[in-house]
Structures are given as structure tokens and as C-alpha cells.
Number of protein chains: 2
Amino acid sequence: MPDSARAFVPGHVTGFFSAHPDDDPTKAGSRGAGLVIGDGVTVELEPGGGVELNGETATIEAVNRVLEALRATAHVVVKTDLPLGAGFGVSGAAALGTALATNAVFGRELSENELVTIAHGAEVQAGTGLGDVVAQARGGVPIRLEPGAPAHGAMDGVPEHQSVEYRSFGELSTEEIITGDTDDLTAAGNRALSALVSEPTLETFMSSSRRFGREAGLLTPKVEEVVRDVSDAGGEASMAMLGETVFALDSGLSDAGYDAERCSVSLAGAHLL
Amino acid sequence: MPDSARAFVPGHVTGFFSAHPDDDPTKAGSRGAGLVIGDGVTVELEPGGGVELNGETATIEAVNRVLEALRATAHVVVKTDLPLGAGFGVSGAAALGTALATNAVFGRELSENELVTIAHGAEVQAGTGLGDVVAQARGGVPIRLEPGAPAHGAMDGVPEHQSVEYRSFGELSTEEIITGDTDDLTAAGNRALSALVSEPTLETFMSSSRRFGREAGLLTPKVEEVVRDVSDAGGEASMAMLGETVFALDSGLSDAGYDAERCSVSLAGAHLL
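This report concerns the structure included in the present document. (Residues numbered from 1 in each chain as written. Chains lettered and ligands numbered in written order. Predicted model: local features only at pLDDT ≥ 70, side-chain atom pairs only at ≥ 80, totals over all residues. Heavy atoms only, no water.)

### Points about the packing of aromatic side chains
Selection rule: Each Phe, Tyr or Trp ring, with Trp reduced to its six-membered ring, pairs with another whose centre is within 6.5 Å; inter-plane angles below 30 degrees give stacked pairs, above 60 give edge-to-face pairs, and intermediate values give tilted ones. A run of H or I in DSSP counts as a helix once it spans at least four residues, and a run of E counts as a strand once it spans at least two, with each numbered from the N terminus. Each residue is placed in one exposure class: buried if its accessible area under a 1.4 Å probe, protein chains only, is under 20% of its type's maximum, exposed if it is over 50%, and partly exposed if it falls in between.
A complete count under the given rule lists 12 aromatic pairs over all chains for this structure. Consider the rings of Phe-16 of chain B and Phe-212 of chain B, whose centres lie 6.4 Å apart with planes at 55°: the pair is tilted. Of this pair, Phe-16 of chain B sits in strand β1 (residues 5-20) while Phe-212 of chain B sits in helix α7 (residues 202-215), and the two are 196 residues apart along the sequence. Each member of the pair, Phe-16 of chain B as well as Phe-212 of chain B, is classed as buried. Among the aromatic residues, ring-to-ring pairing joins Phe-16, Phe-17, Phe-205, Phe-212 and Phe-247 of chain A into one connected group.

In C-alpha cells form, the structure reads like this:
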């Protein structure tokens, strides 16, 4: 067994979703769709104690829950250039990276599905996400057909990919929204999913995501303005669920005059480095 | 819709398998495990007619069946540096690449699972493979827990990857073996799968694959000799199912004095270029 291990987990931008709570965290989750992106999170792990996030001591509940589930006492160093709390699935990525690296360093001999299940359950119990982990494990443009960890969930994918731009204007609390009244959101999410399943293209993903944001009442005034600007410039943009973040296909944001980060869709899912 | 499209499909080296025939080609398939590798197949496709393989007119039955299923008349150009008929899943890759590229060029608006299902069914009906397509669609080190296309099959993965070497010494007919008496082979494949599921590591994958080759009586004298040479040099090698091909982790073959191709595990599955 190695003394330490590093894992990379891509970011995940959710375009639309519906929430599906369950007492069993491996059955709880979300339906929906998103883009797995090349900008992501690295997790470096060795025996020891304490969690660092971008150089500062931090508490990431989902990471602690993964370590507990794997009965490991570890020093975990999480690094990312992605904005935090802004809809990129950083907490899910940290949890999944911790699961992969712990498995390697502590010789737990678990499979990918088992590690994804542990990270998904930890993220659900922490209340910080419902569908990022299973998407980040897969890569590409995942469609989450059924909620939950691999044994319960079901996924498909949009067989296209393009480069992506994103720009974050602030944080939103995932926990506040997914633990509140989610009936309208879930109805809007189910409609968006039906549309994408009947026409699984990037274009339909973007238009369904925009409609979902409006119907679920999640767009902030700033996001609404930026998405409109990108449309006016001939591009395709929508809001990252859940953050005050706009993502666009290709050069949609910069064409509309915004400074934006650019990356590719990550065809690879989470993996050890 | 674009006038033409290109897809890349990684090669897949099966370490062990069990055959599971079924009248429904989407339920037929194999259990087993293998390595998805960075050396693969590109498929370029446009409206027209005829199939080319490495610059020569060719008939690839699985490709023709995919075109039929998608009601497309296309000129298909398949290119690969992988050895043919030697256990790298080239026919499955050509079928899957054809499905992805046809979907793009002819605007069929199908999902990844639907395209994989069509390519898997085509490959099964052509008799040229049972599990390559679903593995090539996924990437990594897939464990095929249940046979069949996405709606019926189930997959997991070994959460490790390393570079791979391979050397081919000749062809073997997949069709001859998978349409013959497969009882011993299936029993050996099931034992190998149990071992890998209880300890999903690359080391167990390699040792289970070697045991499978012996128990199923598939090793040719040449393969047996080369695998022994790699072991004697301290490496891990096994036979690619089904070809007279040896694959090894890291520099196993070159350490034993063989000229070998080297590539990485492909973490990404099949995709449009």
C-alpha cells in the first residue's frame, strides 16, 4: 500500500434536478442532468489527522463521514480553483476523492461502486448535495434517470460534448433549498428530465435547464441578466444549481462581454492520480 | 447537423469472461473484467456508402448492423493501430463508433445508453463479441457483473489504473469459441469474477485472469511461454481474450525482453471527437 494517494474529481454543474429524499441515504438523491467539467478538485491523503481546503484548516462534513465509514484517520488536503458553494459540487468531489484515496492508502479493497456509494451517502447525510457524486464518478454529460447510489440509481448520458465557460457571482445554500419545500422544484425538474430524455442533445439540455430555473423560481436577478445577455449575443447559458453561477456552452459568456473561466467537459470520471 | 463526424473508441482487453447467450441480443452478453486502453479505433462517417478499414474496403458485420438499426446509409472509415482479431475489441469499437457518429450526422437524437444498446446488439448478433462494447463505452477497468446492454447489464470498476503493455502473436476466432461448448469456460469465468468482486484490485484482476486462462484451456503454447517469462522477470501478465495476445501491467513485457506496445488505461469511454 502506498503511504499517500492523490485523487482528481471533476467539477459538476447541475442544469436541472428534482429532489428525492429517502431515509436510506443510498436511495436518496436527485434526478436531473449536468455537465462534468475538466476543472475540479484534487484530494491528497495520508495517515494523520485534519482536513485542509486550499491551504486552510476546514471542516467538510461529507469528508469526515467518508473517513468514518472507511474507519480511517487521515490528513486530507483538498485543493481546487473552483468557486466554493457556487454549484460546482466541490463538497461531493472532496468526499469522492477522499473515498478513492482512503481506499488506496488504507488498503480497503473496495470497488468503484462501493466507494461512490459511501461518498454519495456521506454527501446526502451532510445535506450538501444529492446527485453530484454519481455524476462526478461517471464523467461526460450525465442524465440521472433514477436517484441514488449505483445499486439504486440509473444513469444515461448525452452523447455530445463541447467546451464550457462559467462565471460565479456568489454563493447559494444548497442545504437551505434541498431541505425546504421542494414540490414545485421537483415538478419542474421532472418536466425538464422528460424533455431531455426524449431529445438527449446539448441544445435540449441547455433549454430545459433555463426553463427549469424559471419554473422553479431559482434564478437570482443577476443570473437572469447574465443568461439574457448570453442569449442576446447568440449563445446558450443557464444557471448552475445551486450557486449564483452562470455556465455557457463554448464562448457564450465571453462573447457577451463577461470575464469567464473556460474548460472542457471531462470525459473521464473521478480517478486516482 | 454536421456533414460528417468522428468518434474515438478505446480498445478493450478482456482478462476473463463467462458467456451468457440469450435470444434477445440486448440481454445476451458476458460477465467478466478487462482493461480499457488508450490505444483504440477512430470512426469517421458521412452520408454515402461502403466501409473502409485501415484504407481498404472491408465488411464489418457489426458496423453494417448498426447502420441498419439507425436506418442510415453512410460511408464509414475505420482506422486503428490495434492488431485485428487479437482480443482488443476492434469490431465492437467500430460498431460503437459508428453508432455515435451516425447519431451525430443523421440527427437521430439518441442517448448514450441507446447507442450502446444498438452497438452491443449488433456485435452480439454478428458473433464477434459479448462484452467489449459496454466496457468501451465506460472506460477504466470495468467489471461486468451482469451481461447485456445498459438496461439489463450491471457494471462496477476496479478503482486503480496503471500503464499497460501488449504484444500480439496472432489471431484467434472469438466466434468459434463463444459459439462452441462454453460450460467449462463459464465456470472458470464465474470463479474469476467472484475472486475479483471480493478483492477489486489490479493485482487480483491479473491473477484471476491468469487462472481463468489456464482453467478454461485457452492459453496457446506461445502465450503460456510469454506470460511465464514476464512472471520470471517479476511482472504481471495474462492473455487477452480472445487473441494470441499477452498484456502486462507497466513495463512487464519489455522487462522480460519483449518488444511491446505501451499505452495507458483510458479513463474516458467512447466519445465523439
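Still more to cover.
### Digging into the side chain of Ser-30 of chain B
All names here are of chain B. Heads up, the condition is: Each polar contact in these results corresponds to two N or O atoms within 3.5 Å; when the atoms are within protein, one needs to be able to donate a hydrogen and the other to accept it, and residues that are neighboring in sequence are counted only if both atoms are side-chain atoms. In this description, contact between two residues means that some pair of their heavy atoms is separated by no more than 4.5 Å.
Within the secondary structure layout, Ser-30 lies in strand β2 (residues 29-47). A polar atom in the side chain of Ser-30 sits 3.5 Å from the backbone nitrogen of Gly-131. A distance of 2.5 Å separates a polar atom in the side chain of Ser-30 from a polar atom in the side chain of Arg-144. With residues near it in sequence (within four places) discarded, Ser-30 still touches Phe-17, Ser-18, His-20, Leu-130, Gly-131, Arg-144, Glu-146 and Pro-147.

### Digging into the environment of Ala-188 of chain A
With respect to the element layout, Ala-188 of chain A can be found in helix α6 (residues 183-198). Distance in space between the C-alpha atoms of Ala-188 of chain A and Phe-17 of chain A is 8.2 Å, their sequence separation being 171 residues.

### Some details on the relation of the copies chain B and chain A
In this structure, two copies of a chain are linked by a rotation about an axis accompanied by a shift along it. Applicable threshold: Superposition of the copies was done by least squares, using only C-alpha atoms of residues whose pLDDT is at least 70 in both.
For the pair chain B and chain A, the best superposition has an RMSD of 0.0 Å and corresponds to a rotation of 180° with a translation of 0.0 Å parallel to the axis. The operation mapping one copy onto its partner corresponds to a two-fold rotation axis. Residues of chain B ranked by C-alpha distance from the rotation axis are headed by Ala-268 of chain B, positioned 2.1 Å from it. An overlap of 100% is found between the interface residues of chain B and their copies at the interface of chain A, pointing to a shared contact surface.

### Structural notes on the interface of chain B and chain A
Note the following rule: A quick way to say it: buried area is the sum, across both parts, of accessible area lost when two parts are put together, with a 1.4 Å probe. Here, a salt bridge means any side-chain nitrogen of Lys or Arg that lies within 4 Å of a carboxyl oxygen of Asp or Glu. Here the nonpolar group is Ala, Val, Leu, Ile, Met, Phe, Trp, Tyr, Cys and Pro; Asp, Glu, Lys and Arg are the charged ones; every other residue, Gly included, is treated as polar.
Chain B puts 22 residues into the contact, and the matching count from chain A is 22 residues. Taken together, the two surfaces of chain B and chain A that pack against each other cover about 1900 Å², and 52% of this comes from carbon and sulfur. Contact with chain A buries area across many residues of chain B, yet Glu-109, Glu-112 and Pro-159 of chain B alone supply 30% of it, more than any other trio. At the junction of chain B and chain A, the tally comes to 2 salt bridges. As a salt-bridge pair, Arg-138 of chain B and Glu-112 of chain A come within 2.6 Å of each other at their nearest N and O atoms. Linking chain B to chain A there are 14 residue pairs in polar contact (both at pLDDT 80 or more). Mapped by element, the contributors of at least two residues to the side of chain B that touches chain A are α2 (90-105), α3 (112-126), β7 (154-157) and β12 (271-272) of chain B. Within the side of chain B that touches chain A, the residues separate by chemical class into 10 nonpolar, 7 polar and 5 charged.

### Quick look at the sheet that holds strand β8 (residues 163-170) of chain B
Residue and element names in this part refer to chain B. To keep it simple, the criterion reads: Note on pairing: DSSP must find at least two bridges between two strands before they are called paired. Fitted lines through C-alpha atoms serve as axes, helices being fitted only where they are in contact, and the angles separating the N-to-C directions of these axes extend from 0 to 180 degrees.
Spatially, the 4 strands line up as an open sheet ordered β9-β10-β8-β11, and their pairing is antiparallel. At either margin of the open sheet sits one strand with a lone partner, and together these are β9 (237-239) and β11 (261-264). On average, each strand axis in the sheet is inclined to that of its neighbour by 25°, with strand direction left out of account. Bridging between β8 and strand β10 (residues 244-249) involves 6 bridges; their strand directions are antiparallel. Bridging from a neighbouring strand, Ser-168 pairs with Thr-245 of β10. Each of β8, β9 and β10 touches helix α8 (residues 221-232); the most contacted strand, β10, lies at about 15° to it.

### Remarks on unusual backbone geometry
In the segment running from Met-241 of chain A into Leu-242 of chain A, the intervening peptide bond is cis, with an omega of 5°. Within the secondary structure, Leu-242 of chain A sits in the loop between β9 (237-239) and β10 (244-249). The phi dihedral of Asn-54 of chain A falls on the positive side, at around 50°, and the residue is not glycine. With respect to the helices and strands, the residue Asn-54 of chain A is situated in the loop between β3 (51-53) and β4 (56-57). Classification of Asn-54 of chain A as partly exposed rests on a relative accessible area of 38%. Even without a glycine there, the phi angle at Glu-109 of chain B is positive, about 50°. Counting through the fold element by element, Glu-109 of chain B comes out in the loop between α2 and α3. Of the residues examined, Glu-109 of chain B reaches a relative accessible area of 35% and is grouped as partly exposed.

### Focus on the sheet that holds strand β8 (residues 164-170) of chain A
Residues and elements named next belong to chain A. Strand order in the open sheet formed by 4 strands is β9-β10-β8-β11, with antiparallel pairing between adjacent strands. Of all the strands in the sheet, just β9 and β11 (261-263) have a single pairing partner and so form its edges. Averaged over all neighbouring strand pairs, the angle between strand axes comes to 25°, with direction disregarded. One ladder, built from 6 bridges, connects β8 with β10; its direction is antiparallel. Bridging across to β10, Glu-165 finds its partner in Ala-248.

### A look at helix α2 (residues 90-105) of chain A
Here is the rule we go by: To estimate how far a helix should reach, multiply one less than its number of residues by 1.5 Å.
Across its 16 residues, α2 of chain A extends 22 Å between first and last C-alpha, which sits within 8% of the 22 Å expected from 1.5 Å per residue. Downstream of α2 of chain A by a residue or two, Gly-107 of chain A has a phi angle that is positive, lying close to 55°.

### Some remarks on the packing of helix α1 (residues 61-69) of chain A against α2 of chain A
All names here are of chain A. Note the cut-off: Any angle that falls under 35 degrees is termed roughly parallel, while one over 145 is termed roughly antiparallel, one within 65 to 115 roughly perpendicular, and all others oblique. By convention the crossing between two helices is left-handed if the near helix lies anticlockwise of the far one by an angle smaller than a right angle, and right-handed if it lies clockwise.
Running from amino to carboxyl end, α1 crosses α2 at an angle of 25°, the nearest separation of the two axes being 8 Å. As far as their axial angle goes, α2 and α1 are roughly parallel. α1 and α2 meet at a crossing whose hand is right-handed. Contact residues: α1 offers Ala-62, Val-63, Val-66 and Leu-67, while α2 offers Ser-91, Ala-94, Ala-95, Thr-98, Ala-99 and Thr-102. A class-by-class count of the residues in the contact of α1 with α2 yields 7 nonpolar, 3 polar and no charged.

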